Each structure stands twice: as structure tokens, then as C-alpha cells.
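# What the coordinates show
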Amino acid sequence: MFNSPDWVFSMFAFIGFMCCMIPLPWHLEAWNTGTCLYMIWTGLSCLIQFINSIVWRSSVINWAPVWCDISTKFMIGASVAIPACSLCINRRLYYIASVSSVTKTRAQKRRDIMTDLAIGVGIPVLEMILQYIVQGHRFNILEEIGCYPATYNTPPAFALVFIWPVLIGCFSAYYCIRTIIELAHRRAQFMELLCANKNLSSSRYFRLMGLAAIEVLCTLPLGAYVIYLNATAEPVYPWISWADTHSDFSRVEQFPSIIWRMSNPTVLSIELSRWLLVVCALVFFAFFGFAEEARKNYRLAYTSVVKRVGLSTGNMSSAGSWTANGSKSEMAYNSRTGTMPVFITQRTEQKRDSLTSFSTDISIGEFNIAFDEAKGIPYSPTETVTGSISKESLPITPVDGHAIFLPDLPAVARPDPTLDINSVPRLVTDSFESRRNSDDIV
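Just so we're clear, the structure is a prediction, and the values are computed from it rather than from any experiment.

## Considerations on helix H5 (residues 106–131)
- Under the 1.5 Å per step criterion, the end-to-end length of H5 is 37 Å for 26 residues, consistent within 8% with the ideal 38 Å.
- Of all bends in H5, the biggest is about 30°, found at Gly-122, and the proline Pro-124 comes one to four residues later.
- Those residues of H5 lying buried are Asp-116, Ile-119, Gly-120, Pro-124, Glu-127, Met-128, Leu-130 and Gln-131.
- Buried residues in H5 make contact with helix H3 (33–55), helix H4 (65–98), helix H6 (155–162) and helix H7 (164–185).

Given below as C-alpha cells:
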């Protein structure tokens, strides 16, 4: 890893930056301050390392002194900020597992956010200020590495700079162990508390706990090893005075790769300081980059991008179906709003006989003969005075922008092949006068 080509680290540094920035929007919605700060610090650190590895790939020229001033201070803060963010996560998980209720007032939530900001931002900023005490000169430029902080290797530097990650890791380990104990004693009550917390599911809780636990397990031994390297890779100079430490402070020391790679402990210390940032980003993405909420947002982003370029997204179960021209189908279910769309089904029906278009009070089954004869006669709209209005005869859309008024429905008349009472012959008894007339005729 340490002897790999320069482009390998540049590629992984950029990937680490993207792995931290992609999940950031939906974690901001949950107001998990420690997780968001972890992503911001780690992602920006990877971005800085990526830029440095590109600009100073084969050069030690001081191209951008202001950039180096800012980036080196940020790197000092990031070395403490990542363990501090892990402390915020472990602290929050412990309080969720130990309290009897997750319902908090607005003032309590605001106080929790301010506490996390004080830990995740305040401590790193304080570290940047304290590092100035033992900052021997402005900064260093290492070929293939870029801008690098300059810390005078003196005993106060161990107390002011190098020991902070180990101390913060000890506090994180305390909260992590306490959280495991609380989960073992109050498992049933803990699940009820998570059900009441809409921003933290059980899956996300245990993923946060896994991330924080790995961070603790890596911070303590690595922090101790960094202290060991600083104590052995270079001689430890005695602290004489402030003026001695900051003499010729504005100078910038430049080291070609052939010089700083001559010492194996120095190579190990420098390479660890930048590769560990990439590892932190990849570990975070391994925990949260493939979760359910992440896959949901990936699908939404994919359909949004593909729709803009006019391509088909196929059958997307969560976002509905999309047609070939990129438009969304009207029969898709809107999973975000939980509503069903209104759609119209158009059917084409074959014209039927006029007899079947009416419903009468007399059963058709009683006149099978008349019905069969009527079916043999072709239908003609002019033969009947009345008829039914089918939806094929109605326009689907208004013509020329004017509304079309439907005609009044005619009164339903009985069809021709029905029984007419007046047409039935009646048997009437002849009157006396009629019989007489008939006798006269005969």
C-alpha cells in the first residue's frame, strides 16, 4: 500500500470523499450530529489529501501557500475530530440505551446538539490553537504528499498534540462498554424505546454502534503507535523557550521523496496519517452505504437523473413505472405521498342490437321467438325513434377549447318486438243488434 503508485492513493482519496458526501443529505434529516460531523471531517480530509496528491505529485514547489496554511491546520484538527465524533456517537447511543424515554423537549434536543458540536467541533478547533504552541515553522511540503503540518518534536508536543486521540478514545471506550451493559440488562425496554424514536431504527442503532466500536478499537492502538513513532523516528528536542521554538517561523521546508523515504519510520508515520483517513471513509460507507434508506435514495437519484436525460429506467417498484420517453406512468403508486393516482380506463365495445340496449319490465326470456327474429334484422339508427347513447359517440376531449354540452337523454321507449296490449285480439260477445244484421245479410 505504501509503495503503490501515486494515482492509487489519489483514486482512493476521491472515492473516500464521495463515500462520505453521498449519504450526508439523509443523515442530516435524522439530526444525528455525531454521524454528520464524522462524515464532514472525514470527507473533507480525503478531499484535501486528494488535491495535495495531484498538485504535488512530482514537485515540492510552494504553489499555494495560503492553501497549505489552511489545509495543514485542518489536518491537525481532523486527527482529533474523527475520534471526537466517535465519542459523540457512543455518548448518544449510551443515553438512548440507558434512559427510560426517548421523548425529549425542544430545549433538550437543542442542548444535545450543542453538546455534540462542542465535542465534534470545539475540541478540534482547540487542538488547532494548541498546536501553534509547538509549531516550529509555517509548514512542510513533501513530494507526492503535499502540504504537511510542522510540529516541533519536543515534550510539550506530546501533551498538546499527540496524546489527544488516545484520551478521547478512552472516553469513547467507556461509553461503548456502558452501552453494551445497558443493552444486556434492558433489551426488551430498549426495543420499545427504538420503536418510539422515528429517526433511529434498531438497524441504524446497531450500525452506529458497530462503527463507533471499530473506531474505538482502532483509535487506541493506533494513537499509541503514533506516539511511539514520534518518539523514535526523530530525536525529541528539549523545550527551551517560545522564541527558540518559533525562530524563523515563516520558512517553508521542502523535502523530495528521495529524502523523506530514506527513513522507514518516517515513511510509515506519514503514510499512515493519510491512508487512515481513506480507511475511515470506506468503513463508514460499508456500514451505511448499503442500508435500506441508502438504497431507497439511490433509486430516487437514479430515476431523477435518467428522467432528465430522457432514458427508460425500467420497472422501478418504489418509484413507479416509467415509459420509454422518460415520463412517469399514471398508474404508478406514489410511495412518498401514499396516494393512488386517478386514471381513466377506455374500453371499446362492439355495437349490439337495439333490443339489448334497453332494459324493460317484461322478461326477454318469455319472448324467445320474437327475440330471435329481431336479432336477424340489421341494426339501423333511423328505424327507432329512441335509443341509447354510448360513450363512443361522445368526444374524449373538448374541441377547439370549447366545452361540449351533452344532449338530454331521450325517454326510454320499448323496442318493437314487445307485446302490445291493444294488438291482441279480444273475444267480444255480439250484441243483439249485430246478430240481427248478420241474419239479414244471410
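Don't stop here, the text continues.
## Focus: the packing of aromatic side chains
- This model, assessed by the stated rule, comprises 15 aromatic pairs.
- When the centroid spacing of 6.1 Å and the interplanar angle of 55° are considered together, the rings of Phe-12 and Trp-275 count as tilted. Residue Phe-12 is located in helix H1 (residues 6–21), and its partner Trp-275 is located in helix H12 (residues 264–288); the two are separated by 263 residues in the primary sequence.
- Taking the relative accessible area as the measure of exposure, Trp-275 reaches 7% and is therefore buried.
- Connected via pairs of aromatic rings, a cluster forms that spans Tyr-94, Tyr-95, Tyr-174 and Tyr-175.
- Against the face of Phe-9 rests Arg-274, its NZ or CZ located 3.9 Å from the ring centre.

## Observations regarding the sheet that holds strand E3 (residues 252–255)
- On the basis of which strands lie adjacent, the open sheet formed by 3 strands has the order E2-E1-E3 and mixed pairing. Looking at the sheet topology across the chains shown, the edges are occupied by strand E2 (146–148) and E3. The mean angle between the axes of side-by-side strands here comes to 25°, regardless of whether they run parallel or antiparallel.
- Note: strand E1 (residues 139–142) against E2, 3 bridges, orientation antiparallel.

Conventions and cut-offs
Residues numbered from 1 in each chain as written. Predicted model: local features only at pLDDT ≥ 70, side-chain atom pairs only at ≥ 80, totals over all residues. Heavy atoms only, no water. Helix = DSSP H or I, 4+ residues; strand = E, 2+ residues; numbered from the N terminus. Expected span 1.5 Å × (residues − 1). Bend = angle between axes of the 7 residues up to and from the residue. Buried < 20%, exposed > 50% of the residue type's maximum accessible area, 1.4 Å probe, protein only. Contact = heavy atoms within 4.5 Å. Phe/Tyr/Trp six-rings, centres within 6.5 Å; stacked < 30°, edge-to-face > 60°. Lys NZ or Arg CZ within 6 Å of the ring centre and 35° of its normal. Pairing = 2+ DSSP bridges. Axes fitted to C-alpha atoms, helices over the stretch in contact; angles between N-to-C directions.

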